[in-house]
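# An overview of the molecular structure
Residue-level listing of the chains:
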Amino acid sequence: VRRRLALYGAGLLLLVIGAFPLAWMLSTALKPSGEIFATPPTLVPRAVTLENFHRLFQETNFLTYFGNSVGVALATVVLTLAVSSMGAYGLTRFAFAGRERVAGLILMTYMFAPIMIIIPFYILVKQLGLVNTRLALVLSYTTFCLPFCLWLLRSFFQSIPLELEEAALVDGADLRRAVWHVVLPLALPGIIAAGIFTFILAWNDFLFALVLVTSEELKTLPVGVNDLFNATIVDWGMIMAAGVVITVPTIGLFVAVQRYLIQGWGAGGVKG
Amino acid sequence: MNRHPLVGWLLLAPSLLLLGGLVLFPILYNFWLSLHDKHAFMPVQNFVGLKHYVYFAGDPEFWSSVRYGTIYAGGTLILQLVLGVGAALLLNEAFRGRNILRGVVLFPYMIPTIVAVILWKWLLNDSYGLVNHVLVTVGLVRAPVAWLGKDHIMTSLIVMSVWQFFPFVVVTYLARLQTIPPELYEAAKVDGATAWRRFLHVTLPQTYNVLFVIVLLRSIFMFTKFDTVWLMAGEGGVSRYVRTLPVYAYSRSFTYLQAGMGATLAVLMFLLLLAATVVYFRAFRNDEAAA
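So, here's what we can say about the structure.

## A look at the overall build of chain A
Scanning chain A for helices and strands turns up 14 helices and zero strands. Starting at the N terminus and walking to the C terminus, you meet the elements of chain A as α-α-α-α-α-α-α-α-α-α-α-α-α-α. Across its three principal directions, the C-alpha atoms of chain A cover 70 × 65 × 35 Å. With 272 residues in all, chain A has 56% of them scored as buried. Contacts in chain A between residues at least 24 apart in sequence constitute 73% of all its contacts with a sequence separation of at least 6. Looking at chain A as shown, the accessible area adds up to about 11,700 Å², and 67% of this sits on carbon and sulfur atoms.

Structure (structure tokens):
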């Protein structure tokens, strides 16, 4: 019995550590401005209001940032999945000299933090004429997600028996159809995990968005919200509302596909 | 059947093009830049050899950024390990609500850094923050503490970063814990080993290699962490009490627009990490332990 109690006590503590700060953010976001600064603070808002969200949507460029973030993140997911599943398939199903070395080299690029190459990266993007475009962000995020996604998908493709694919070929399908109808469906958990990982990286990134994009109408959420935060005297209710709106897509997606994600993480590790 | 090697290369081509063009080329270009005086926006550039390296060797700000970076990486690493391994051990036990808790514990790691930062700035706010309110009410401090002022900014940054990144340790450590054969524990129980001794003599040796990797990755990630540190302290005021190497490299390049010097700092960051990694492998690599 004492062991049970200790377990649940520790579990409760962990729950508080993980979730309480986020619950506090939500609570603040739902309070009218008078209640936000009340002493003693109220954990559950006495008078729930959406006025903070209303102000956020009406008086700031938040919705523009939101649209940009959604667009950039989705485009990154599509591009990354296309490029990495092609690449991973090439690395698994074709025998060529130097294959393992290439795979190792790809993993090595994973070790370089963006901050270590951001300067040449910026100059390069500038010379390509891509500064201040969404394309620059999509290409950066795709590149930095690639090593992880390639390795993750490679391990999934490796676990799919070649015979299944060959059977489809014998039945008269060409290779493209065999891949589309046999291999990809079987690798779906890996593809979903890679997609979520990519989405979260693109959605959360601050550094590239800070350096590569300067015009107001192209900014994504992290930089836009940081500007809102630094602009004037902090409007805590509105800033917490912004925090809630940015957090919802990430956690929503995560909860929706949690079991795929854990599987994928086990196979490839995470970064950050 | 169409399994020609050329098709394999063709499928890999887009990946290699992106990684080559946007990672490998910038790495080489960065090294080249570090040997030049270059403005971040203007095309002027002059070869200066190792001038920047010599400059930073005698630059107190560089050494202080290395020191702050080491304190930050070391402090967050130890606390992440303690909290992360503890949480993983807990989540490996059977109890009701375990699966929900396994999900919830990952939340801090999933949210954008900007959210984690504004959230903690609100919690730690000196006049209205919940943390100060609780501490004053309980009587641990007499007056609200300026958690984001110069005396406590490093502590606050470390606490906030541990909260944000410990889930990484939980996920990776838990994944390995789940593969330890239960017979090992049963044998230890039969021998009358206490829970602590079971942890010491079964769990730790079994998880040595995953801990080796976790420590390596977390150290690298924390030492090169930019956004959390920069967002927490900004560039003026209190920031010089937490100016780590990545933040220093960023301000050299994009605030003072000295791209050559910024690139030199990036190379130095890489060399420091490389040296630390080599030492780490020499000291702790254990090829005989179970994978």
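## Digging into the overall build of chain B
When helices and strands are counted, chain B shows 14 helices and two strands. With the principal axes as the frame, chain B shows a C-alpha extent of 75 × 75 × 40 Å. Per-residue burial for chain B yields a buried fraction of 53% across its 291 residues. For chain B, contacts bridging at least 24 residues in sequence account for 69% of all contacts bridging at least 6. Carbon and sulfur atoms form 68% of the exposed surface of chain B, whose accessible area is close to 13,500 Å².

## A few points about the interface of chain A and chain B
Where interface size is quoted, it is often the accessible area lost as the parts come together. Opposite the 90 residues of chain A that make contact, chain B presents 86 residues. Between chain A and chain B, a total of about 7,900 Å² is buried, with carbon and sulfur atoms accounting for 81% of that surface. One can count one salt bridge joining chain A with chain B. Salt-bridge contacts for Glu93(B) lead to Arg3(A); the nearest nitrogen and oxygen are separated by 2.7 Å. The interface formed by chain A and chain B includes seven residue pairs in polar contact (both at pLDDT 80 or more).

## Some details on unusual backbone geometry
Here Asn132(A), not a glycine, exhibits a phi torsion of approximately 65 degrees, which is positive. Take Asn132(A): it is sitting in the loop between α6 (118-127) and α7 (134-158). For Leu257(B), which is not glycine, the phi dihedral falls at a positive 60 degrees.

## Focus: a nonpolar patch on the surface
On the surface, Leu12(A), Leu15(A), Val16(A), Phe20(A), Leu43(A) and Val44(A) cluster together to form a nonpolar patch covering roughly 540 Å² of accessible area. In this fold, Val16(A) is placed in helix α1 (residues 2-29).

## Brief notes about the pattern of salt bridges
Oppositely charged side chains may form a pair once their charged atoms are brought near each other. For the coordinates displayed, the defined rule picks out ten salt bridges over all chains. Ionic pairing is found between Lys219(A) and Asp227(A), a salt bridge with its closest N-O pair at 2.6 Å. Given the relative accessible area of 11%, Lys219(A) is considered buried. The partner of Lys150(B) in a salt bridge is Asp151(B), and the shortest N-O contact between them spans 3.6 Å.

Rules and cut-offs
All residue numbers refer to positions counted from 1 along the written sequence of the respective chain. Naming scheme: in the order in which they are written, chains are lettered from A and ligands are numbered from 1. Where totals are concerned, whole chains, interfaces and linings use all residues; where local detail is concerned, this predicted model gives features only for residues with pLDDT of at least 70, and gives and counts side-chain atom pairs only at 80 or more. Side-chain metrics in this entry use all non-hydrogen atoms of the structure; hydrogen atoms and water are not considered. Here a strand is any run of E in DSSP of at least two residues, a helix any run of H or I of at least four, and the numbering for each starts at the N terminus. When accessible area is computed with a 1.4 Å probe and restricted to protein chains, residues below 20% of their type maximum are described as buried, those above 50% as exposed, and intermediate ones as partly exposed. By definition in these notes, contact holds between two residues if any of their heavy atoms fall within 4.5 Å. Where accessible areas are quoted, they stem from the Shrake-Rupley method and a 1.4 Å probe; at the residue level, only the protein chains shown are allowed to cover. Buried surface area refers to the total accessible area, computed with a probe of radius 1.4 Å, that the two partners give up upon joining, counted for both partners together. Any carboxyl oxygen of Asp or Glu within 4 Å of a side-chain nitrogen of Lys or Arg constitutes a salt bridge here. Pairs of N or O atoms within 3.5 Å make up the polar contacts considered here, provided that, within protein, one atom can donate a hydrogen while the other can accept it, and that residues adjacent in sequence are counted only when both atoms are side-chain atoms. Exposure above 30% relative accessible area and no salt bridge define the residues that can form patches, which grow by joining like charges within 9 Å and nonpolar side chains of Val, Leu, Ile, Met, Phe, Trp and Tyr within 5 Å.

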